[in-house]
Amino acid sequence: MTGRPEKASLAFPDETLVERLAQPAVLTAWLAQIENAPPTRAQDPTLARRRAGLLRALGRLEDAARAYAELKTVEGDRLAALLTGTATGTAEETGPTRFVRLKGVLSAAEQQRLWNRVEADDARFDQARIGQTDKARLNPDRRRSATLADDAPVREWFLPRIEELIERERVLERLCMAPFPVAMRELQITRHLDGGFYRMHRDTGLPGDPAASRILTYVYYFHRTPRRFSGGDLLMFDHGPDGRRAETLEFTRFHPEHDTLMFFPSHRLHAVAPVTLDGDDPSDARWTVNGWLHTS
Ligand SMILES: O=C(O)CCC(=O)C(=O)O
Ligand SMILES: [Fe+2]
């Protein structure tokens, strides 16, 4: 064989067992086992529910929604609605996280504006830190990416677009969040190159942290097409019964598709799976414009 050696599997450095179990190859093998079960066992409600969960964890969201609907249970209907963006009523603090995902968001001219900005000579990216302001630290075991914070040339047109979309697409209503006075808007441009990731976290920090007033997270994804990197999925973890920890290892996976925009409540646990990319050309990276709206 010629050419580059195969990259090792997409892995967090010194990954935990939970992270290893979340790898697509592991989930796919598990799903195949269920789908190849004898027909008598395929009717088993526990297996059918597990199958729907695996489809969701693999990012096959339409298939997952169908599988949940076929369960013909109250929970199944609720999860199908959550995945198709038609959930109504109170959002549970336990279980899967509600989200709004919009596709085909920016015009070609707006996309070009982003590319021009990230390629500009004065666009200086810093290694992403963890924690807020004066206490923010580099922690390459938890997060590897680079950010351009508060970039004025993008802020001035991007934030109004975000707020217009929140309004037009009824984002708060769909997330079951009450309208809130927007006290502050954060925006950053983030680049994940080869080996980039962000381990499980919430965006709100601890009480007293300036991040504690973040309430709505937005992430706009863009990349060169065809996509040059693999991995980099957004994993949105289900919350356990105490509403705090993701103890069930159930989650929804979102592929970072070009020109899609995600919204979710900032306090919910999520992660960016490791990115693999041949070479170090920044244009080939996993790019986002992401940020937070704060309440007062
Ligand atoms: O890029 C993503 O998908 C999410 C980024 C994220 O979680 C963050 O910057 O806090
Ligand atoms: Fe985050």
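Residues numbered from 1 in each chain as written. Chains lettered and ligands numbered in written order. Predicted model: local features only at pLDDT ≥ 70, side-chain atom pairs only at ≥ 80, totals over all residues. Heavy atoms only, no water.

The cut-off we apply is this: UniProt positions are given in the numbering used here, feature names are shortened, and annotations may be inferred rather than shown by experiment.
Named according to an unreviewed UniProt entry, the chain is 2OG-Fe(II) oxygenase originating from Azospirillum griseum. Of the chain, the UniProt comment under Cofactor (unreviewed entry) reads exactly: "L-ascorbate".

## Things to note about the pattern of salt bridges
Any two side chains of opposite charge can pair, on the condition that their charged atoms come close. Put simply, the rule reads: A pair is scored as a salt bridge if a Lys or Arg side-chain nitrogen falls within 4 Å of a carboxyl oxygen belonging to Asp or Glu. Working definition: helices are DSSP H or I runs of at least four residues, strands are E runs of at least two. Numbering for both runs from the N terminus. Remark: exposure states derive from per-residue accessible area (1.4 Å probe, protein chains only) relative to the maximum for the residue type, with buried under 20%, exposed over 50%, and partly exposed in between.
Under the criterion given, the structure shown has 25 salt bridges. The shortest N-O distance in the salt bridge between Arg51 and Glu35 comes to 2.7 Å. In this pair, Arg51 is assigned in helix H4 (residues 45–57) and Glu35 in helix H2 (residues 24–35), connecting sequence segments 16 residues apart. A residue is classified by how much of its surface remains accessible, and Arg51, at 28% relative accessible area, is partly exposed.

## Some details on a nonpolar patch on the surface
To keep it simple, the criterion reads: Like charges are joined within 9 Å and nonpolar side chains (Val, Leu, Ile, Met, Phe, Trp, Tyr) within 5 Å, but only among residues with over 30% relative accessible area and no salt bridge; these make up the patches. To be clear on the numbers: accessible area is Shrake-Rupley with a 1.4 Å probe, and residue cover counts the displayed protein chains and nothing else.
Taken together, the side chains of Leu17, Leu21 and Val26 define a hydrophobic patch exposed on the protein surface, amounting to about 240 Å² of accessible area. With respect to the secondary-structure elements, Leu17 resides in helix H1 (residues 17–21).

## Observations concerning the site of ligand 1
Where we set the bar: Nearness of a residue to a molecule or strand requires only that one of the residue's heavy atoms be within 4 Å of it. Whenever two N or O atoms come within 3.5 Å, that pair is a polar contact, provided that in protein one can donate a hydrogen and the other can accept it, and provided that, for residues adjacent in sequence, both atoms are side-chain atoms.
Around ligand 1 there are 13 residues in total, and His201, Asp203, Tyr221, His270 and Arg286 lie nearest to it. His270 is positioned with one of its side-chain polar atoms (N or O) 2.9 Å from an oxygen atom of ligand 1. Arg286 is positioned with one of its side-chain polar atoms (N or O) 2.8 Å from an oxygen atom of ligand 1. Alone, ligand 1 offers 290 Å² of accessible surface; in the complex the protein occludes 97% of this. Elements with a minimum of two residues in the shell around ligand 1: strand E6 (197–201), strand E7 (214–222), strand E12 (270–272) and strand E14 (286–295). When residues in the shell around ligand 1 are grouped by element, the largest group, four residues, is from E14.

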